[in-house]
Amino acid sequence: MTPGGTSARPAQAAVSAQLRHVEAIVNPAAGSVGPGAADAMTQLLAELGVPAVVRAAYPGDLRDALQRAVDAAPDLLIILAGDGTARMGASLCGAAGPLIAPLPGGLYGLKDWKTALRETVLEGVVTPVSGGEVDGRRFHVAAILGAPALWAEAREAVRTGRFKLAIHKAQNAWRRAFAGRLRFALDDSPTERAHALTLMCPLVSRAMANDELALEVDVLDPKTAAEAFRLGFRTLMSDVMGDWRNDPAVNVARCRQGEAWARGHIPAILDGEPVRLHKRVDISFIPLAFRALAPRRPAPAGRG
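If you're wondering where the values come from, they're calculated on a predicted model, not measured in any experiment.

Caption draft 1: Fine view of unusual backbone geometry. Positive phi, close to 50°, is recorded for Ala73, a residue that is not glycine. With respect to the helices and strands, the residue Ala73 is situated in the loop between α3 (62-71) and β3 (76-80).

Caption draft 2: Just the side chain of Arg87, in detail. Of note, Arg87 is situated in helix α4 (residues 83-93). At 2.2 Å, the side chain of Arg87 forms a polar contact with the side chain of Glu273. In this structure Arg87 touches Arg138, Phe139, His140, Leu270, Asp271 and Glu273, once residues within four positions along its chain are discounted.

Caption draft 3: Spatial organisation of the nonpolar core. Grouped together as the largest cluster of nonpolar side chains are 46 residues, with contacts concentrated most on Met41, Leu77, Ile78 and Leu117. Residue assignment for this core shows that the elements contributing at least two residues are β1 (22-26), α2 (37-47), α3, β3, α4, β4 (99-103), α5 (113-123) and β16 (280-295). The dominant element in this core, judged by the number of residues it contributes, is β16, at six residues. Once residues within four sequence positions are removed from consideration, Ile78 is found in contact with Val22, Glu23, Ala24, Ile25, Met41, Leu45, Ala101, Leu103 and Leu117. With 24 residues, the next largest nonpolar core counts Leu197, Cys201, Leu215 and Phe285 among its residues.

Caption draft 4: Local environment of the packing of aromatic side chains. Counting across every chain of the model gives zero aromatic pairs. Lying across the ring of Trp261, Arg280 places its NZ or CZ 4.2 Å from the centre.

Caption draft 5: Local environment of the confidence of the model for the chain. Looking at the chain, the pLDDT average stands at 81 and 74% of residues meet or exceed 70. Note that residues 1-14 has pLDDT below 50 and, in this model, 10 contacts with residues that lie over four places away or in other chains. Long-range and interchain partners of residues 300-304, a stretch whose pLDDT sits below 50, account for three contacts in this model, where long-range means more than four residues apart.

Caption draft 6: Layout of the pairing of strand β13 (residues 257-261). Pairing of strand β8 (residues 182-186) with β13, which is carried by four bridges, proceeds in the antiparallel orientation. Considered in β13, the bridge of Ala185 is made with Glu259. Bridge analysis of β13 against β16 gives five bridges, and the strand direction is antiparallel. Following the sheet pairing, Glu259 is matched in β16 by Asp282.

Caption draft 7: View of the sheet that holds strand β10 (residues 196-200). Across the sheet, which stays open at both edges, the six strands sit in the order β12-β11-β10-β7-β14-β15 with antiparallel pairing between neighbours. Looking at strand neighbours, the two that pair on one side only are β12 (250-255) and β15 (273-277), the edges of this open sheet. Averaged over all neighbouring strand pairs, the angle between strand axes comes to 20°, with direction disregarded. Sheet topology note: the strand β7 (residues 142-146)/β10 ladder contains five bridges and is antiparallel.

Caption draft 8: How the structure looks around the environment of Arg55. Examined against the element boundaries, Arg55 turns out to sit in strand β2 (residues 52-56). Through-space distance from the C-alpha of Arg55 to that of Leu66 is 9.7 Å; in sequence the pair is 11 residues apart. Discounting residues that sit within four places of it in the chain, Arg55 has contacts with Glu23, Ala24, Ile25 and Val26. In this structure the side chain of Arg55 is engaged in a polar contact, spanning 2.5 Å, whose partner is the side chain of Glu23.

Caption draft 9: The arrangement of the pattern of salt bridges in detail. As enumerated under the stated definition, the model contains seven salt bridges in all. In this structure, Glu259 engages Arg280 in a salt bridge whose closest nitrogen and oxygen atoms are separated by 3.3 Å. Remark: Arg280 occurs in strand β16 and Glu259 occurs in strand β13; sequence separation between them is 21 residues. Residue Arg280 is classed as partly exposed on the basis of its relative accessible area of 49%.

Scoring rules and cut-offs
- Residues numbered from 1 in each chain as written.
- Predicted model: local features only at pLDDT ≥ 70, side-chain atom pairs only at ≥ 80, totals over all residues.
- Heavy atoms only, no water.
- Helix = DSSP H or I, 4+ residues; strand = E, 2+ residues; numbered from the N terminus.
- Polar contact = N/O pair within 3.5 Å; in protein donor to acceptor, adjacent residues only side chain to side chain.
- Contact = heavy atoms within 4.5 Å.
- Core = buried A, V, L, I, M, F, W, Y, C linked by side-chain atoms within 4.5 Å.
- Buried < 20%, exposed > 50% of the residue type's maximum accessible area, 1.4 Å probe, protein only.
- Phe/Tyr/Trp six-rings, centres within 6.5 Å; stacked < 30°, edge-to-face > 60°.
- Lys NZ or Arg CZ within 6 Å of the ring centre and 35° of its normal.
- pLDDT = per-residue confidence, 0-100.
- Pairing = 2+ DSSP bridges.
- Axes fitted to C-alpha atoms, helices over the stretch in contact; angles between N-to-C directions.
- Salt bridge = Lys/Arg side-chain N within 4 Å of Asp/Glu carboxyl O.

Spelled out as structure tokens, the structure:
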């Protein structure tokens, strides 16, 4: 129901009726996608009566394919790929560009992409999505700054079954665990030091509401080698051991502006993509990073 007490469905139908030109980019190489997804999406959109241009693009061609799709000025850009591709597409669209539907996950929950896309076309609403920026680079899910970014690389190798690579990455992360510490300042708070920082957008934060105007900041500050190993191992095996943010060496805060610096370049992960940042970086909350088309999200328990 809308605040006035009337059904929201007429407004939803109006949005769907405006989808006269849809562009879709599908990465068959993404782990959650697979071969045949582009044809399946073409068929599904045709069944729903949505005129669309669906293109399959592999990692080396994704940026050019996304740019061409955005330049075509569609009513909706659908992205079926990994988090890194979704981040790239959202950054290209920005707040003033086309609506996007970055499938799967995120705004669409745990549903398979076909169900999420069908519900988006039939019942989608325009959803403003906030984000973050670090070192001039946008992210829309999460960023990890510091040594745990190296553990994340090991975890990804485990997930894809590359166990020898996972061991190598874990050994590298362990060697660099105490190679340097981050200094940081959040909003008006004094300078602090930590092993690493993670930055969570409200959309995926478990500590904040979806519409909160700040980033969740998790301060990782193990005091000993044993604590660092425990936290690193918990990050690597969080699917089994539970949320690493519950570790005693993690403190949770919020910020809208901040900065972080270190003696050397800062290893980082931005929406799943490993990057190397400058020695000193600015951190910003972006109230409106892009506009998505997605099914209406139910209010969390205890909220109106």
